[in-house]
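# Structural overview
Listed below, chain by chain, are the residues.
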Amino acid sequence: MATRYTRLLRFTAVLAVVIYVFVHRSFSKERHQAILELKEQLHKEQHDLHSELVKPATGNDQGIKVEYRGEVNQSYERENAVLFTLARNKEVAALARTVQSFEDRFNRKFHYPWVFANNEPFSDQFKRQMTALVSGEVKFVEIPHEFWGYPDWVDQKKAMIARRGARGEMMYGGSESYRLMCRFFSGFFYKLEAMKQYDYSWRVEPGTELLCDINYDVFKFMRSNDKHYGFAVSIHEFPDTIKTLWKAVSNFIGLHSRFIAQDNLLPFISFDQGKSYNLCHFWTNFEIADLNFFRSTAYETFFQFLDSTGGFFYERWGDAPVHSIAVSLFMSKSDVHFFDDVGYFHTPSTSCPINDEVWVKNRCICDQAHDVTFREYSCVNEFYEITGKKKPDGWESHRGNGDYFD
């Protein structure tokens, strides 16, 4: 009797195991199928940023640098591009030297148009000086109030208190106009009527200088190589200016993950998979960009979200980290280009080609020993590592600590 009971117990246990395995496998298959369907749905919902950007060149123009060969004639097909400068009347002398530098080193070869913008009317002297220097068409724009002012949801008294508290704590800590400028570049410069017709822009700031000849059309290079953002310098942001920026970015990602590119540059701006911001940013005083990126659904949604927090006024959020974070999250690695052959100066940093052949060919007037690219406070080395870009010979000798002014 005991033996028969034991056999029955064993049979029942085996049957239970069989039923469990069958049910578990069926459930696992159903769960696996549900996961596959969810992944497929998420893939379908993934935002296609490239459908909104400039289409790359095809055929003979693909992947080339169009070298300058004598005078560009009327038959030369320029890209739909513009140089853009935000300036004040009192900056006319410094800007004149900058424009002359950019014209002599680049634009006198290609004659691209130039748009100058100001939140006040330009003086006759300013217009006369810039018109005399620029080889392409010149436009002077007064920024509308809605692009250079406080949105309705910002508490101006709170913003004033924040500025007072930031005086002496950071560069431009007490400046109201600097905050208006950062917000303007973050979400409005490309919306100016004079800018709406263009696909590319090159931002030029008063006091900057090109230190080497650029003997190819940078805009045509961008299009022929399917690049949508170009930079010359990348350093770290001052942490006190953006105390809550990354928290806002993280909240945005949680709500709009469909905008995040699969092959993105997140490792460039975060060393811990997005838990924190490492402060790396592209220096936007030199920025060659596909304007359709800023007009894209992803970027506009991003800017509106950040703007709604008031961080441009309650803190001192800069357009450089805003642009850089957006580019790093929404673009693919291959969309971004580092101009390693461009000599460029903006106080206090110099970008100088350390490739001797490039330095000689482009008649550079910068000291290669002072190049900022591989200094420890620069982020360009990380960009090379993440993108797999080959570093120039001898880069190690430029790796030292140095400082901004050496």
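Under an unreviewed UniProt entry, the name given to the chain is Glycolipid 2-alpha-mannosyltransferase, and the source organism is Cyberlindnera fabianii. Its UniProt record gives the chain the following Sequence similarities (unreviewed entry) comment, quoted word for word: "Belongs to the glycosyltransferase 15 family." Listed in UniProt under the heading Subcellular location (unreviewed entry), the comment for the chain reads: "Membrane".

Assigned secondary structure in the chain consists of 14 helices and 12 strands. Within the span of the chain, comprising 406 residues, buried residues form 50% of the whole. Looking at the chain alone, contacts between residues at least 24 apart form 80% of all its contacts between residues at least 6 apart. If you sum the accessible surface of the chain, you get close to 20,300 Å²; carbon and sulfur atoms cover 52% of it.

In spatial order, the strands read β3-β2-β1-β4-β9-β6-β10; together these seven strands make up an open sheet with mixed pairing. Unpaired on one side and paired on the other, β3 (138–142) and β10 (336–338) mark the two borders of the sheet. If you compare each strand with its neighbour and ignore which way they point, the axes differ by 20° on average. In this structure, strand β6 (residues 229–231) lies alongside β10, joined through three bridges in parallel fashion. What sits directly across from F231, in β10, is F338. Across the sheet, helix α2 (residues 92–110) is in contact with β1 (81–86), β2 (114–118) and β4 (200–203); its angle to β2 comes to roughly 160°. Running over the sheet, helix α3 (residues 124–133) touches β2 and β3 and is turned about 150° from β3.

A word on the side chain of H323. Positionally, H323 belongs in helix α12 (residues 319–330). In this structure the side chain of H323 is engaged in a polar contact, spanning 2.9 Å, whose partner is the backbone oxygen of F185. Once residues lying within four places of it in the same chain are set aside, the contact partners of H323 are F185, S186, F189, Y229, T284, E287, F294 and Y299.

Reading the values: rules and limits
Each residue is numbered by its place in its chain's sequence as written, counting from 1. The predicted nature of this model means local features are confined to residues of pLDDT at least 70 and side-chain atom pairs, given and counted, to a pLDDT of 80 or more, with totals for whole chains, interfaces and linings taken over all residues. Excluding hydrogens and water, the side-chain values take into account all heavy atoms of the structure. UniProt positions are given in the numbering used here, feature names are shortened, and annotations may be inferred rather than shown by experiment. A run of H or I in DSSP becomes a helix once it reaches four residues, and a run of E becomes a strand once it reaches two; helices and strands are each numbered from the N terminus. In this scheme, a residue with accessible area under 20% of its type's maximum is buried, one over 50% is exposed, and one in between is partly exposed, where area comes from a 1.4 Å probe on protein chains only. Residue contacts are counted whenever heavy atoms from the two residues lie within 4.5 Å of one another. With residues, only the protein chains shown are counted as cover, and all accessible areas are computed by Shrake-Rupley using a 1.4 Å probe. Strands pair, by our definition, only if DSSP identifies at least two bridges between them. Note on method: axes are straight lines fitted to C-alpha atoms, helices fitted across the in-contact stretch only, with angles between N-to-C directions ranging 0 to 180 degrees. Think of a polar contact as two N or O atoms within 3.5 Å of one another; within protein, one of them needs to be a possible hydrogen donor and the other a possible acceptor, and neighboring residues in sequence only count if both atoms come from side chains.

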